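# Chain and residue survey
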Amino acid sequence: MDAPSANHSRTPCQPWAGQNGWSPASPPGPPCDPLPGLQHLSLSSPSEQRPDHDQPQGSTPPPRDHGAQRLVHDVPTWGQRRHIPPCSLPLVKEGMQPCRVQQMPFYSPHSPSQGMCPPPQPPYTHRGSPDGPLPQHQKHDGSPSLGVDSPLRATVESAHAPPTSPASQPPHWTLAAPSRGAAAPDRNVPPQSPTSRYGLDPELLPSAVKVIAEDAAEWEGKVFVSEALSRLPPLATTSCLIEDRGNASPLAIRSASYCVPCEGQTALLSRLPLAALLTPLARLNEGEKPLPVSSEAACVTGCVSCGASMCPAMGWQDCGQRFSCPFCGTLSEVPWHHYQPTRGPQGVRVDRDQRPELSMGSYETLGPHRGEPAALILAVDVSASAVRGGHLEFATHEIFTLLTSLNSEDGVRVGLMTYDSRIHLYDLSPALTRPHMLVLAEAEDLQLPVREGLLVPLQDCMHGIHSVLQLIPQFSPEGGGSGGGPVQLPVRASLALLQALSCPGKLLVFHTAPLVETGDTNSSSGFFGSNRPKSIFQPSEPAVSLAEECVRQGCGVHLFVLSQQDVGGAWPGHIPYLTGGALHTYDHLQGELDRERFSADLKRVVETDTGYKAELRIFVSKDVRVSGCFGLFLPGASPGRVVMATLNRSTTLAVELAHNRALEETTGVAIQTVLSYSTQAGCRRTRVHTLTLRCSRHLQDTFRQYQAQTLLTFYCKKIYCSVLERPLQELREELQTEVTEALASYRKHCCSASVSAGQLVLPQYLRALPVYINSLRKSEVLLPGLRSSVHQRLQQRCQVLAMDAAATSAHFYPLLLPLPLSVDAAALSPDPGEALRCCAASMEPGRLYLVHAPLTLLLWVGSRVPACTLMALFNAGCFSALPSGETKLPVLENRLSARVRSLVHALDSEAPCARKLWVVKQGDACEEFLQRHLVEDKSPNGGASYADFLYHLHVNSVRLLQ
């Protein structure tokens, strides 16, 4: 069997360049400065009106986009300099003295009488990657150049009134420049974010932190009403209450754009994907009403043609006797026992408010049949290396402590096995005075001698489990070597046990022996035995085959590797992640931090609400189709149907849509997900989410309804799935090309006023997209560094693929929080300071900063932090006495210590896995680890800085329009 391909299926489409007359490739010619004589960009507003650009074919001339925020980066030419007021926000240029900050009035971009600019000079593009070194002819030599003293400004266009209205001029804002003194530089300050090699000041670029803060100020603690054809929801990182009034919560289904183009041609012009993020078992926010649950027989039957469930998007006809399905277009008869008449001109059923399937976007039904409850199977490695490691006593003690804390009234059935090169099963029947061991020496064809007593309710086998766990550390090693059985051995044994008893389950494997490959290594299907392109991310064929068996049985595998190793391609995480589980690695559980992390991970895995034997069906309106589905699962024949062994509250998939034919503005687009799964108790449930979106024939309406965080999550899942079969460099270049062409399309079709070649135009809700995309491009998965191991990249890819939109955005743009320095400040400020831009320039040597990402938690300590702060927080008298690396904050009796520890605990509770706290001292060798998370700076693995990447996006997007 061939190695699995990426979890998607795309349909071919006509190249966008051919449709618009734009060439995606740079024209031939020597590379040169894209904007001659200029070393930087500046923000200003266009003051000259020009004729509108061409409209998309087949569409009427739309109204210009006055609702999108437009960041306009203006680079004036030599002839323009005489019309420009004194410098307002200067940029740093080598060989030049910084100028004083001067405020200047702004001119309305809609009044040509207030300012005139000559036509822009034609731009050129630098034919290179922003990640590469600066060409010799573009390096600054310190000599003055044209446009050095140009202003740096920004304008925001208002969506509340037409720009021509004199009573409601659009608001303008000015970016404040950082204060710059003439004092000599101090060598003790942290390394600041270098200015762009093109002269851009990174502090004056669009900020992702500001976008998140603005959205939180608008929606934090408020109620968002999700109704049919609703507006753009709050960001995924904003905590607010969601009220379901006929449309699914954005926590369950979040569309990339909440306005779909009517024409497929218009969708291609945008160069942005039509996509949605699906989190079927999404956790509700605190204070929200739980989903309504009713029996399957009491709900109105859905479409009998396509199988879609009943939802508010169904259209009622003939006084409620029939309904039209928006997903297939057929008419279905209503059963007589579910019939109710309709009322009003819109044909609303009279019992609409009493039935959740008719009035709510999300609801759940209970199936009539009850299956076997899920089992919990524990498999412990007792090979020679495990017994000699000395950590089995602690591991077994933690396992028993966790089992005693579980609620035995839930009917959880537990099984226990140990393994080395053989499998040891244990009969835990309560009728026995002590458990009986059953040894299976045949590892290939496992045959169970008995079935009774192998899976027993927890309340009936606690004594037997305790006695076995006490004896495990005293086992005699088998043979004199350190080798043991492969990880696949307990998985096969657990599958045989679950298949014999016809039940799903969760398998926890505690492995210590060296990781080895299984199967025929001399097969022609190996890594080097085929001409087919291979990737280090591809799982082996035996692993895929075993994962498929687990999916069919509903067995989720969670692997705890107690001896961390980096051994070739023998990465054991493919089976756990393909079955909805996870991989956890430790260093022999010798240190206190590893033991605490092991206990936290074990508790999280066992207590997490899980759905078993899940099947997800995706329905979309008849005029569109599902062209791809991306996530951690085994791909099937259809992207609209996904089968998973297990899933939890954070399991998120991404789907891509494509047009079949033109859409109608009056009907909109409907997306429905139907998840069928089994609970821990064996109940079969079906959870339905339905989202309706409006349609428009105007391209700018689509751009105005996109959100950067949703696009980032979609691109991440799509590209991380594509690494199985495509080169990494090709994927990185394709991602940059798509974003560049999207900015060019917005510039051409959606600008409200003429813009010069030196002005960058961004939609309001996509201001943070460039910094997100740059962070994705230079991630460890796509651009490995010198110290990035294969195991780390494989692990990170799977962990990020399982994240939702909020966690994904935090992973690619970590939270940089300043901490208080004194006990009094900690008492007065219960919350940490506002998040800062994720760059070295935001960090001062006299402060403390916490860097929070879903997989990492760092505490940076500046060299000038007061000694009293170090004593109150770390119990260290001076900076040199402070240890760096993995640590745990001491419990000290003061407000500062309590405040910081409380913050760390709160951030850890939001993380998908237990994390270690890393203390990074200024100037220490560990700072390289911190630099990987300062995503606005140039990364240690060679990734471009945010300023350089944005410069390339702008220049190449302008080049496409020439």
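Described below are features of the structure shown in this document. Since we're looking at a predicted model, the values are computed, not measured. (Residues numbered from 1 in each chain as written. Predicted model: local features only at pLDDT ≥ 70, side-chain atom pairs only at ≥ 80, totals over all residues. Heavy atoms only, no water.)

## Describing the overall build of the protein chain
Scanning the protein chain for helices and strands turns up 22 helices and 33 strands. Going through the 962 residues of the protein chain one by one, you find that 55% of them count as buried. For the protein chain, restricting intrachain contacts to residue pairs at least 6 apart in sequence, the fraction spanning at least 24 positions comes to 76%. (Helix = DSSP H or I, 4+ residues; strand = E, 2+ residues; numbered from the N terminus. Buried < 20%, exposed > 50% of the residue type's maximum accessible area, 1.4 Å probe, protein only. Contact = heavy atoms within 4.5 Å.)

## Here we look at the packing of helix H6 (residues 392-405) against helix H11 (residues 592-607)
Direction vectors running N to C along H6 and H11 enclose 35 degrees, while the axes themselves pass 11 Å from each other. With respect to the hand of their crossing, H6 and H11 are arranged in right-handed fashion. In contact with Phe-394, Ala-395, Glu-398, Ile-399 and Leu-402 of H6, H11 contributes Arg-595, Phe-598, Ser-599, Leu-602, Lys-603, Val-606 and Glu-607. Looking at the contact of H6 with H11 residue by residue, the class counts come to seven nonpolar, one polar and four charged. (Axes fitted to C-alpha atoms, helices over the stretch in contact; angles between N-to-C directions. Left-handed = near helix turned anticlockwise from the far one by under 90°. Nonpolar A, V, L, I, M, F, W, Y, C, P; charged D, E, K, R; others polar.)

## Description of the sheet that holds strand E24 (residues 624-630)
The strand order across the open sheet built from four strands is E5-E7-E26-E24, with neighbouring strands paired in antiparallel fashion. Pairing within the sheet leaves two strands with one partner each, and these edge strands are strand E5 (253-255) and E24. The average angle at which neighbouring strand axes cross in this sheet is 25 degrees, direction not considered. The pairing of strand E7 (residues 274-278) with strand E26 (residues 653-659) spans five bridges and is classified as antiparallel. (Pairing = 2+ DSSP bridges.)

## Observations concerning the sheet that holds strand E30 (residues 848-853)
Hydrogen bonds along the backbone pair up the strands of a sheet, which may run parallel or antiparallel. Reading across the sheet, the five strands line up as E29-E30-E31-E33-E32 and stay open at both edges, with mixed pairing between neighbours. Either end of the sheet is taken by a strand with one partner, and the two such strands are strand E29 (815-819) and strand E32 (885-887). The average undirected angle you get between the axes of adjacent strands in this sheet is 30 degrees. Two strands pair when backbone bridges link them, and E30 and strand E31 (residues 856-861) are joined in this way by six bridges, in the antiparallel orientation. For Leu-848, the partnering residue across the bridge sits in E31 and is Val-861. On top of the sheet, helix H19 (residues 867-874) reaches E30, E31 and strand E33 (917-921); it is set at about 145 degrees to E31, its chief contact.

## Looking at the packing of aromatic side chains
Summed over the entire model, instances satisfying the criterion amount to 15 aromatic pairs. For the ring pair Phe-510 and Phe-598, a centre distance of 6.1 Å and an interplane angle of 65 degrees mean the geometry is edge-to-face. Of this pair, Phe-510 sits in strand E20 (residues 505-511) while Phe-598 sits in helix H11; the two residues are 88 residues apart in sequence, bridging distant segments of the chain. With relative accessibility at 1%, the residue Phe-510 sits in the buried group. Judged by relative accessible area, Phe-598 falls into the buried class, the value being 0%. Here Trp-571 and Tyr-577 contribute two aromatic rings whose centre-to-centre distance is 6.2 Å and whose plane-to-plane angle is 10 degrees, an arrangement assigned as stacked. With relative accessibility at 7%, the residue Trp-571 sits in the buried group. Grouping aromatic residues by their ring pairs yields a cluster made of Phe-394, Phe-510, Phe-560, Tyr-586 and Phe-598. Between the NZ or CZ atom of Lys-921 and the centre of the ring of Phe-879, over which it lies, the distance is 4.7 Å. (Phe/Tyr/Trp six-rings, centres within 6.5 Å; stacked < 30°, edge-to-face > 60°. Lys NZ or Arg CZ within 6 Å of the ring centre and 35° of its normal.)

## Here we look at the packing of helix H14 (residues 728-749) against helix H22 (residues 946-960)
Here H14 crosses H22 at 55 degrees, and the two axes come no closer than 8 Å. Judged by the angle between their axes, H14 and H22 are oblique. Helix-helix and strand crossings are classified by hand; for H14 and H22 the assignment is right-handed. Facing H14, whose interface residues are Gln-736, Val-739, Thr-740, Glu-741, Leu-743, Ala-744 and Arg-747, H22 presents Phe-949, His-952, Leu-953, His-954, Asn-956, Ser-957, Val-958 and Leu-960. Tallied by class, the residues present in the contact of H14 with H22 amount to seven nonpolar, six polar and two charged. (Parallel < 35°, antiparallel > 145°, perpendicular 65-115°, else oblique.)

## Here we look at the pattern of salt bridges
Using the criterion set out here, one finds 28 salt bridges in the structure. With a closest N to O distance of 2.8 Å, Glu-333 and Arg-322 form a salt bridge. Placement of Glu-333 in strand E11 (residues 331-333) and of Arg-322 in strand E10 (residues 322-324) is noted, with a sequence separation of eleven residues between them. In this structure, Arg-349 engages Asp-351 in a salt bridge whose closest nitrogen and oxygen atoms are separated by 2.9 Å. If you follow the salt bridges from partner to partner, you end up with Arg-349, Asp-351, Arg-355 and Glu-357 in one network. (Salt bridge = Lys/Arg side-chain N within 4 Å of Asp/Glu carboxyl O.)

## Section: the side chain of Lys-778
Positionally, Lys-778 belongs in the loop between helix H15 (769-777) and helix H16 (790-801). Residue classification places Lys-778 among the buried residues on the basis of a relative accessible area of 6%. If we skip the residues at most four places from it in the chain, Lys-778 touches Leu-783, Val-935, Asp-937, Ser-939, Asn-941, Gly-943, Ala-944 and Ser-945.

## Some remarks on the nonpolar core
Across soluble globular proteins, you tend to see nonpolar side chains buried next to one another. One finds Tyr-720 and Leu-776 to be the most contacted residues of the largest nonpolar core, which totals 151 residues. In terms of residue count, the dominant contributor to this core is helix H13 (residues 708-722) (nine residues). Sequence-distant contacts of Tyr-720, defined by excluding residues within four places in its chain, comprise Leu-776, Ser-779, Val-781, Leu-782, Arg-797, Val-800, Leu-801 and Phe-812. (Core = buried A, V, L, I, M, F, W, Y, C linked by side-chain atoms within 4.5 Å.)

## Some thoughts on the pairing of E31
Most of E31 is tucked away, with six of its six residues classed as buried. Burial along E31 is two-sided: the residues Thr-856, Leu-858 and Trp-860 and Leu-857, Leu-859 and Val-861 are all buried. Where E30 folds back on E31, the antiparallel hairpin that results is connected by two residues. As judged from the five bridges shared by E31 and E33, these two strands associate in the parallel manner. Paired with Leu-857 across the two strands is Leu-917, which belongs to E33.

## Quick word on helix H20 (residues 895-910)
Compared with the 22 Å implied by 1.5 Å per residue over 16 residues, the 23 Å span of H20 between its first and last C-alpha is a close match. By the burial criterion, the buried members of H20 are Leu-896, Ser-897, Arg-899, Val-900, Leu-903, Val-904 and Leu-907. Burial along H20 is one-sided: seen end-on, the buried residues are contained in an arc of 170 degrees. Facing away from the buried side of H20, by more than 90 degrees, are the exposed residues Arg-895, His-905 and Ser-909. (Expected span 1.5 Å × (residues − 1). Arc of directions from axis to C-beta.)

## Focus on the side chain of His-574
Residue placement: His-574 occurs in helix H10 (residues 574-578). Those residues in contact with His-574 that sit more than four places away from it in its chain are Phe-537, Gln-538 and Pro-539.

## What about unusual backbone geometry?
Keep in mind that most residues, glycine aside, have a negative phi and that most peptide bonds are trans. Look at Arg-271: it is not a glycine, yet its phi comes out positive at around 65 degrees. Among the secondary structure elements, Arg-271 is positioned in the loop between helix H3 (264-270) and E7. Although it is not a glycine, Lys-613 sits at a positive phi angle of roughly 50 degrees. Its place among the elements puts Lys-613 in strand E23 (residues 611-620). Relative accessible area serves as the criterion here: at 36%, Lys-613 is assigned to the partly exposed category.

## A closer look at the pairing of E23
Side-chain positions along a regular strand alternate between the two faces of the sheet. Among the ten residues of E23, seven are classified as buried, and the element is accordingly described as predominantly covered. Where E23 and strand E25 (residues 641-647) come together, six bridges link them in antiparallel fashion. Bridge pairing in E25 links Leu-616 to Val-642.

## Structural notes on the environment of Leu-819
Mapped onto the fold, Leu-819 is located in strand E29. What makes Leu-819 buried here is its relative accessible area of 2%. For the pair Leu-819 and Leu-896, spaced 77 residues apart in sequence, the C-alpha separation works out to 9.3 Å. Setting aside anything within four residues of it in sequence, one finds Leu-819 in contact with Arg-847, Leu-848, Leu-850, Leu-859, Val-900 and Leu-903.

## Regarding H14
The end-to-end C-alpha distance of H14, which contains 22 residues, comes to 32 Å, matching closely the 32 Å that a straight helix rising 1.5 Å per residue would cover. Of all 22 residues in H14, 17 are buried, a share of seventy percent or more.

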